[in-house]
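Observations on the model geometry
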Amino acid sequence: MTPQTASRILRFTESIIRDMTRIANQYQAINLSQGFPDFDPPGELIQAAVGALRSGHNQYGLTWGTQRFREALAQKAGRFMNLPINPDTEITVTCGSTEAMLASLMAVVNPGESVIIFSPVYENYFPGTVLAGAEPIYVPLYPPEYTFDPRELRGAFKKTDAKALILCNPSNPTGKVFTLEELSLIAELAYAHDAFVITDEVYEHIVYPPHQHTYMASLPDMFARTITCSSLSKTFAVTGWRVGYAIAPAEVTEGIRKVHDYLTIGAPTPFQEAAVTALNFPDHYYQDLLTKYKQRRDLFLDYLDRAGLQYTQPQGAYYVMVDISPFQMEDDTSFCYWLAREIGVAAVPGDSFYPYLQSPTGLIRLHFAKSESLLMEAGERLLKLEQYT
Ligand code: GLN
């Protein structure tokens, strides 16, 4: 007999998103699957990182984040969230928002308790919930607006006495931005059922007008029960730096810090130091970021239109869900393999965002966090799809 691995890991597969990056490399396809930029962060940030490495920031920092980073973050996040944030007691700096979410789940959810998750869902939340020993309860978001049915959300809270709800806003993979009305209902139910809301707001600065981002923690009475997870990855094009954070009330932060300390000890010290430069950027940085993403979105959607593809217009983030049902492929994954091999574009199969579904969704996710020239190249390739429908 050889020792067996734990049963919890049988409940989830390896990341399909990262798997599709491997497929993209195998077929030398343009990688519009795993959502990360092909462009560099602003030059000042690279300078700041080199400077941090050269000036001795190469050892462990304080486990919950360097003082300078937390102070700069408290200022920046406080400004956008319109809330006072205490850098000493309400911030934990983590290895990306991924660790912030996992540490938060482990800090607030007991084994056997339920966690409400909207679906389609960013693939990390299911393994995160399982690793915390909890059970996911899915509440569907219905296309084309990807909104939820209030009765179903009420029912989920009532039936399961959920301990937490995970909210990805702006949403990956749909690009949905939750309205104030939707957020208010979530807040009302979380309050009534004494549940936490754990957010993933990594696309907070990529919201296309007229849509607007509202921070859950900024709604009345919600700071006390909200854990705001976010990171610098998407806002500053530094997905490899692994600098994220959780903002939560002091008593909750204490628990998150304990878990975080034993999970990773700390996020990379030199990159926290360099990130202070990013957090001090003036407001026009965020306006320019949005202008550029809007240009990329419009350029890419124009190609999808010309290729005759149907999709849901993203309101935020940099993903678009595309309808592949006219192609009559066996399933979403076969389509993605075919697309990478024959057309030279890699996408993520839609069913990977519906962990409880056994059937194809007829959807794929493409992202447009790429330079305009690469998006044009990908767009030209996608135009060839017209001949297959
Ligand atoms: N957030 C990015 C995406 O959804 C990358 C995530 C990942 O590597 N799994 O594509």
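Just so it is clear, the structure is predicted and the values come from calculations on it, not from any experiment. (Residues numbered from 1 in each chain as written. Predicted model: local features only at pLDDT ≥ 70, side-chain atom pairs only at ≥ 80, totals over all residues. Heavy atoms only, no water.)

**Regarding the pairing of strand S2 (residues 91–94)**
Of the two faces of S2, both are covered, the one formed by Ile91 and Val93 as well as the one formed by Thr92 and Thr94. Sheet topology places S2 next to strand S8 (residues 244–247); four bridges connect them, and they run antiparallel. Directly across from Val93, in S8, lies its bridge partner Tyr245. (Buried < 20%, exposed > 50% of the residue type's maximum accessible area, 1.4 Å probe, protein only. Helix = DSSP H or I, 4+ residues; strand = E, 2+ residues; numbered from the N terminus. Pairing = 2+ DSSP bridges.)

**So, the sheet that holds strand S13 (residues 363–367)**
On the basis of which strands lie adjacent, the open sheet formed by four strands has the order S9-S10-S13-S12 and antiparallel pairing. Taken across any chain shown, the strands that pair with only one partner, and hence form the sheet edges, are strand S9 (310–311) and strand S12 (348–349). In the sheet, strand S10 (residues 319–323) pairs with S13 via five bridges, with the strands oriented antiparallel. By the bridge assignment for S13, Asp323 is matched with Leu363.

**What about unusual backbone geometry?**
Excluding glycine, residues mostly carry a negative phi; peptide bonds, for their part, are mostly trans. Of the consecutive residues Asn169 and Pro170, the connecting peptide bond is found in the cis state with omega at -10°. Within the fold, Pro170 resides in the loop between strand S5 (164–168) and helix H7 (180–192). Going from Asn172 to Pro173, the amide bond is cis rather than trans, its omega being 15°. With respect to the secondary-structure elements, Pro173 resides in the loop between S5 and H7. Phi angles above zero are rare outside glycine, and Asp161 is one such case at about 50°. What makes Asp161 exposed here is its relative accessible area of 56%. Its identity is not glycine, yet Arg242 carries a phi of approximately 60°, on the positive side. Tracing the chain through its elements places Arg242 in the loop between strand S7 (226–231) and S8. Judged by its relative accessible area of 31%, Arg242 falls in the partly exposed class.

**Thoughts on a nonpolar patch on the surface**
On the surface, Met106, Leu131 and Leu263 cluster together into a nonpolar patch covering about 220 Å² of accessible area. Looking at where Leu263 falls in the secondary structure, it is placed in helix H8 (residues 250–264). (Patch = residues over 30% accessible without salt bridge, like charges linked within 9 Å, V, L, I, M, F, W, Y side chains within 5 Å. Areas by Shrake-Rupley, 256 points an atom, 1.4 Å probe, with all protein chains shown as cover. Salt bridge = Lys/Arg side-chain N within 4 Å of Asp/Glu carboxyl O.)

**Let's talk about the packing of helix H1 (residues 16–27) against helix H11 (residues 332–343)**
Put simply, H1 and H11 touch, their axes get as near as 9 Å, and they point 30° apart. Relative to H11, the element H1 lies roughly parallel. The chirality of how H1 crosses H11 is right-handed. Across from Asp19, Met20, Ile23 and Tyr27 in H1, the residues of H11 making contact are Cys336, Tyr337, Ala340 and Arg341. (Axes fitted to C-alpha atoms, helices over the stretch in contact; angles between N-to-C directions. Parallel < 35°, antiparallel > 145°, perpendicular 65-115°, else oblique. Left-handed = near helix turned anticlockwise from the far one by under 90°. Contact = heavy atoms within 4.5 Å.)

**Focus on the sheet that holds S5**
Taken in spatial order, the seven strands line up as S2-S8-S7-S6-S5-S3-S4 in an open sheet, and their pairing is mixed. Unpaired on one side and paired on the other, S2 and strand S4 (135–140) mark the two borders of the sheet. Put simply, the sheet's adjacent strands are angled 20° from each other on average, direction ignored. Where strand S6 (residues 196–200) meets S7, four bridges bridge the pair, whose relative direction is parallel. Looking at S7, one finds that Thr199 is bridged to Thr228. Contacts from H7 reach strand S3 (114–119), S5 and S6, with the element oriented near 165° to S5.

**Considerations on the packing of aromatic side chains**
A full pass over the atoms with the stated rule returns 21 aromatic pairs. Judged by centre distance (5.4 Å) and plane angle (80°), the ring pair of Tyr203 and Tyr318 falls under edge-to-face. Of the two residues, Tyr203 is situated in the loop between S6 and S7 and Tyr318 in the loop between S9 and S10; the sequence distance between them amounts to 115 residues. Exposure class is identical for Tyr203 and Tyr318. Each is buried. With a centroid separation of 6.2 Å and an interplanar angle of 75°, the aromatic rings of Phe236 and Tyr286 are classed as edge-to-face. Of this pair, Phe236 sits in the loop between S7 and S8 while Tyr286 sits in helix H10 (residues 283–306), placing them 50 residues apart in sequence. Comparing Phe236 with Tyr286 shows no difference in burial state: the two are buried. For the cation-ring pair, Lys176 lies above Phe178, with the distance from its terminal atom to the ring centre recorded as 5.0 Å. (Phe/Tyr/Trp six-rings, centres within 6.5 Å; stacked < 30°, edge-to-face > 60°. Lys NZ or Arg CZ within 6 Å of the ring centre and 35° of its normal.)

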